[in-house]
Amino acid sequence: KLPRMGEYLCDELCRIFSLQSATLWIAAPPMGQLMSLAASGITVEDSEQTVLLAPDDAGLRALTRGARPMPSSQLERAGGSLAVRVRGAGAELIVPMLSHGRLAGLLLLGAKKAGQRFVAEEIDLLKLLASQAATVFENARLFESATFEGLTGLYRREAVLEILDREWSRSIRYDRPLSIALADLDRFKWINDRHGHLAGDVVLQRVAAELRAHVRETDFIGRFGGEEFLIVLPETQLDGATQLAEKIRERIEAMEIAIDTGEPLKVTLSIGVAGRAEVKADGKTRARPLLQAADSALYAAKRNGRNRVE
């Protein structure tokens, strides 16, 4: 994932070059504004989160045209807003990450711990590294956009279904437990109709964040439909999945979601849970029977009053 890649890159740069700090700014599509992705030696919160620059900023033009690391003092002579931002970040050397002549990001490198200057060999090495890193990060972004949904950051429907089929096959082959939970926001259409779709988007984002916070790193969450979420729970029996679903339901019910109108929203989830051990199916049917069982349980939760786990 991009943040972990960025953290690793910054940490390694500090270690290899004995730097006081290293910060990575990534150009975010579609407008190309620079976003602070990772830092070492300082926290990301200490650096600017979003850097809005005009496309014709003098500093950006100089970095792109030169296509090589540039000392901050030289960048200041070029002028422009970028020079001011870089000075505020405490960078001594700015390394452009270019992909096909387009700026993919910037590496802001602080001073060396012992006070030495960067030598020509190091400058050449950083230029080569930045070119490779730009390609890697661009490829990772393409993968991320194809795998993860933009609004919630969860797996897309196709991606989470592919994961479910993989875990289903593994569960059958090695006779290991597998459960899933299908969660649906109650009366979500009413939220959109009364408060607007932007408020609905805020609700989806908050609920998705809560879901991520209450599952293990080995679990998978995808946006299955408009307001429906699929949670894949490998190595989990039905009882454990039901307990987790109940904790999630309670947490969502306790939330208050602030929207632009100032009115805090309360939302609830109905959740259907199913386990492979309780579903009669052979290994050739893929995970469809498990999904059907969870879907039936979800509809039972809706019929029985919503805001419940079945």
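Coordinates for the structure precede this section.
Reading the values: the criteria
Residues numbered from 1 in each chain as written. Predicted model: local features only at pLDDT ≥ 70, side-chain atom pairs only at ≥ 80, totals over all residues. Heavy atoms only, no water. Phe/Tyr/Trp six-rings, centres within 6.5 Å; stacked < 30°, edge-to-face > 60°. Lys NZ or Arg CZ within 6 Å of the ring centre and 35° of its normal. Pairing = 2+ DSSP bridges. Helix = DSSP H or I, 4+ residues; strand = E, 2+ residues; numbered from the N terminus. Axes fitted to C-alpha atoms, helices over the stretch in contact; angles between N-to-C directions. Core = buried A, V, L, I, M, F, W, Y, C linked by side-chain atoms within 4.5 Å. Buried < 20%, exposed > 50% of the residue type's maximum accessible area, 1.4 Å probe, protein only. Expected span 1.5 Å × (residues − 1). Arc of directions from axis to C-beta. Contact = heavy atoms within 4.5 Å.

### Details of the packing of aromatic side chains
Next up, step 1: Enumeration according to the criterion identifies two aromatic pairs in this entry.
Next up, step 2: Here a set of aromatic residues connected by ring pairs shows up, and it is made of F148, Y155 and F220.
Next up, step 3: Stacked on the ring of F118, the Lys or Arg K112 has its end atom at 5.1 Å from the ring centre.
Next up, step 4: Against the face of F224 rests R157, its NZ or CZ located 4.1 Å from the ring centre.

### What about the sheet that holds strand β7 (residues 178-185)?
Next up, step 1: Taken together, the four strands give an open sheet; going across it, the order is β8-β9-β7-β10, and neighbouring strands pair in antiparallel fashion. Either end of the sheet is taken by a strand with one partner, and the two such strands are β8 (220-223) and β10 (269-275). The mean inter-strand angle of the sheet, taken between neighbouring strand axes irrespective of direction, is 15 degrees.
Next up, step 2: Inspection of the sheet shows β8 paired to strand β9 (residues 228-234) by four bridges, in the antiparallel sense. The residue of β9 that forms the bridge with F220 is V232.

### A closer look at the nonpolar core
Next up, step 1: L185, V203, V207, V267 and I271 are the most contacted members of the largest nonpolar core, which totals 31 residues.
Next up, step 2: Broken down by secondary-structure element, the contributors of at least two residues to this core are β7, α7 (188-195), α8 (197-213), β9, α9 (238-254) and β10.
Next up, step 3: In terms of residue count, α8 provides more of this core than any other element does, six residues in total.
Next up, step 4: L2, A38, V95 and F118 belong to the second largest nonpolar core, which has 25 residues in total.

### Here we look at helix α1 (residues 2-17)
Next up, step 1: Helix length check: α1, at 16 residues, gives a terminal C-alpha distance of 22 Å against a target of 22 Å (1.5 Å per residue), a fit within 8%.
Next up, step 2: Those residues of α1 lying buried are L2, G6, L9, C10, L13, C14 and F17. Here the buried residues of α1 occupy an arc of 130 degrees about the axis, which is enough to place them on one side. The exposed residues of α1 that point more than 90 degrees off its buried face are R4, Y8, R15 and I16.
Next up, step 3: Residues of α1 that are buried sit in contact with β1 (22-28), β2 (33-40), β6 (102-109) and α5 (120-147).

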